[in-house]
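# Structural overview
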Amino acid sequence: MLSFYTARTIRWEDGKVILIDQTKLPNKLTYITCTKPKEVVEAIKRMQIRGAPAIGAAAAYTVALAAYHTKANNLPDLLKEIEEAGKMAKNARPTAANPAWAVERTLSAAKKATSVEEAVKLVVKEAETIAEEDIEACRKIGKYGETLLKDGDTVLTQCNAGALATVGYGTALGVIRAACEKGKCIKVIVPETRPALQGARLTAYELHNDGIDVMLIADTAVGFVMRKKLVDKVVVGADRITSDGHIFNKIGTYQLAVLASEHSIPFYAAAPTSSFDLKSKAEDVVIEERSPDEIVKIKGQRVAPKGVRVYNPVFDQTPPNLISAIITERGIIKPPYERTIKHTLTKP
Ligand code: MRU
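The model shown is predicted, which means the values in this text are computed figures rather than measured ones.

What follows covers the sheet that holds strand E16 (residues 331-333). Taken together, 7 strands build an open sheet; the order of strands is E6-E5-E4-E7-E10-E15-E16 and the sheet is mixed. At either margin of the open sheet sits one strand with a lone partner, and together these are strand E6 (214-217) and E16. The average angle at which neighbouring strand axes cross in this sheet is 25°, direction not considered. Pairing between strand E10 (residues 267-270) and strand E15 (residues 325-328): 3 bridges, direction parallel. Paired with Ala269 across the two strands is Ile326, which belongs to E15.

Encoded structure:
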């Protein structure tokens, strides 16, 4: 059995990208091997790999695959090819900040080369570094974040911000893992997280597998469990954080934050600095909408009338006034975010 304290969601092996197929979990643990950039992009679109840092690493590996298997014999042709691959990876899912950040890093590495061979080496190395750094960032997020949790706390999370959403260890679940590693007894409550059920399929699986006490609830039970005083803290991940502290995360996060505020429960977001976007305004961030089928069907079985109107946004926006602190690998950021985020991200 895999331990999600150490498991890797995605890895590079001699010109191949190997990733866990998350659409098959929790029933089957299977891997997909990609040799073409398009195959990784399809895996991102189908959510076989998902979670902002994980799709960031996948985007970097998409560029690495394009470089590694190139037939180009001059640098301008190679750059064109890898830029194309990077564009596909960035556009696969629009809300997370990490893919564009990762593609930018790999392309910048290639631009330092003076030959095709050197460019290939630099791009593959950069993709590997991005993946390694993500695990390190998650460990540091855990180290800082666990100080916010007390022995005996029950933490409510949303979706899956665990090892499976990153290259390894996790962000929100990294905070919980680090607290458990410190010997604190932490219980977790996770809503199922319709429509793609990442809470039920992935978070419950990861934590249960690692022997961390997890209780699954229906999305509709969140207010009730808070009112019953079953929740001490909320810790969620983030797909994109703007410079003024708006958090874009899995649909349902905003209602958790509103309910947490109503019940005076601290609400924390945990994310690596690669998920921050200091350039965009919150109102310009694109919220991904996915197929109506995710709502009208359960396990392929129709549960709503044919022809009914459906709206399926899969992320939402939580405003800074509802966020107690943001946990990053550079430390814990507290309000006022319009000042502290820039300060934390730009300090050497
Ligand atoms: O649609 P998904 O499964 O990619 O959404 C994932 C989330 O919303 C996570 O909470 C987020 O990416 C943070 S993961 C460390």
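Attention now moves to the packing of helix H2 (residues 52-68) against helix H4 (residues 98-111). Where H2 contacts H4, the two axes come as close as 7 Å, and the packing angle between them is 30°. The angle between H2 and H4 places the two elements in the roughly parallel class. In this structure, H2 crosses over H4, and the sense of that crossing is right-handed. Between H2 and H4, the contacting residues are Ala52, Pro53, Ile55, Gly56, Ala59, Ala60 and Val63 on the first element and Asn98, Pro99, Ala102, Val103, Thr106 and Leu107 on the second. Across the contact of H2 with H4, the residue classes break down as 10 nonpolar, 3 polar and no charged.

The next thing to look at is the site of the ligand. Close to the ligand lie 19 residues; Arg50, Arg93, Gln198, Asn249 and Lys250 are nearest. At 2.9 Å, a backbone N or O of Ala52 approaches an oxygen atom of the ligand. Between an oxygen atom of the ligand and a side-chain N or O atom of Arg93, the distance comes to 2.8 Å. Judged by the fraction of its atoms near the pocket grid, the ligand is located in the largest cavity.

What follows concerns the domain arrangement of the protein chain. By the assigned domains, the protein chain splits into domain 1 (10-139) and domain 2 (143-346). A C-alpha centroid distance of 25 Å is found between domain 1 and domain 2. Each partner contributes to the roughly 2700 Å² buried at the junction of domain 1 and domain 2, and carbon and sulfur atoms together form 57% of this total. Of all residues in domain 1, Arg50, Thr95 and Arg139 give up the largest surface area on contact with domain 2, accounting jointly for 24% of the area buried on that side. Viewed at the interface, domain 2 and domain 1 are joined by 2 salt bridges. Put simply, Arg93 and Glu288 hold a salt bridge, and the shortest N to O gap is 2.9 Å. Scanning the region where domain 1 abuts domain 2 turns up 17 residue pairs in polar contact (both at pLDDT 80 or more). Of the residues forming the side of domain 1 that touches domain 2, the biggest block, 6 residues, is contributed by helix H5 (residues 116-145). The residue inventory of the side of domain 1 that touches domain 2, partitioned by class, reads 18 nonpolar, 5 polar and 6 charged.

Conventions we followed
Counting restarts for each chain: residues are numbered from 1 in the order of the written sequence. Given that this is a predicted model, residues contribute local features only at a pLDDT of at least 70 and side-chain atom pairs are listed and counted only at 80 or more, while totals for whole chains, interfaces and linings are drawn from all residues. Side-chain metrics rest on all non-hydrogen atoms present in the structure, leaving aside hydrogens and water. The criterion for strand pairing is that DSSP finds at least two bridges linking the strands in question. Helix numbering and strand numbering both begin at the N terminus, where a helix is a DSSP run of H or I of at least 4 residues and a strand a DSSP run of E of at least 2. To obtain each axis, a line is fitted to C-alpha atoms, and for helices this fit is confined to the stretch in contact; angles are then taken between N-to-C directions over 0 to 180 degrees. Geometric relationships in this document are graded by angle, where less than 35 degrees denotes roughly parallel, more than 145 denotes roughly antiparallel, 65 to 115 denotes roughly perpendicular, and other angles denote oblique. Definitions for this section: a left-handed crossing has its near helix turned counterclockwise from the far helix by less than a right angle. A right-handed crossing has that turn clockwise. Only heavy atoms matter for contacts: two residues are in contact if any of them lie within 4.5 Å across the pair. Each residue is assigned to one class: nonpolar for Ala, Val, Leu, Ile, Met, Phe, Trp, Tyr, Cys and Pro, charged for Asp, Glu, Lys and Arg, and polar for all the others, Gly among them. Residues are classed as near a molecule or strand on a simple rule: at least one heavy atom within 4 Å of it. Residues adjacent in sequence count toward polar contacts only when both atoms are side-chain atoms; beyond that, a polar contact is any pair of N or O atoms within 3.5 Å, and within protein one must be able to donate a hydrogen and the other to accept it. Of the grid points, spaced at 1 Å and generated over the protein atoms alone, those admitting a 1.4 Å probe that cannot get out make up cavities, while open sets with protein on both sides within 12 Å along at least five of seven lines make up pockets; any residue with an atom within 4 Å of a point is treated as lining. By definition, a pocket or cavity contains a molecule when more than half of the molecule's atoms lie within 2 Å of the pocket's grid points. Residue ranges labeled as domains rest on an automatic or database domain assignment. Using a 1.4 Å probe, buried area is obtained as the accessible area two parts lose upon being combined, added over both of them. Just to be clear on terms, a salt bridge is a Lys or Arg side-chain nitrogen sitting within 4 Å of an Asp or Glu carboxyl oxygen.

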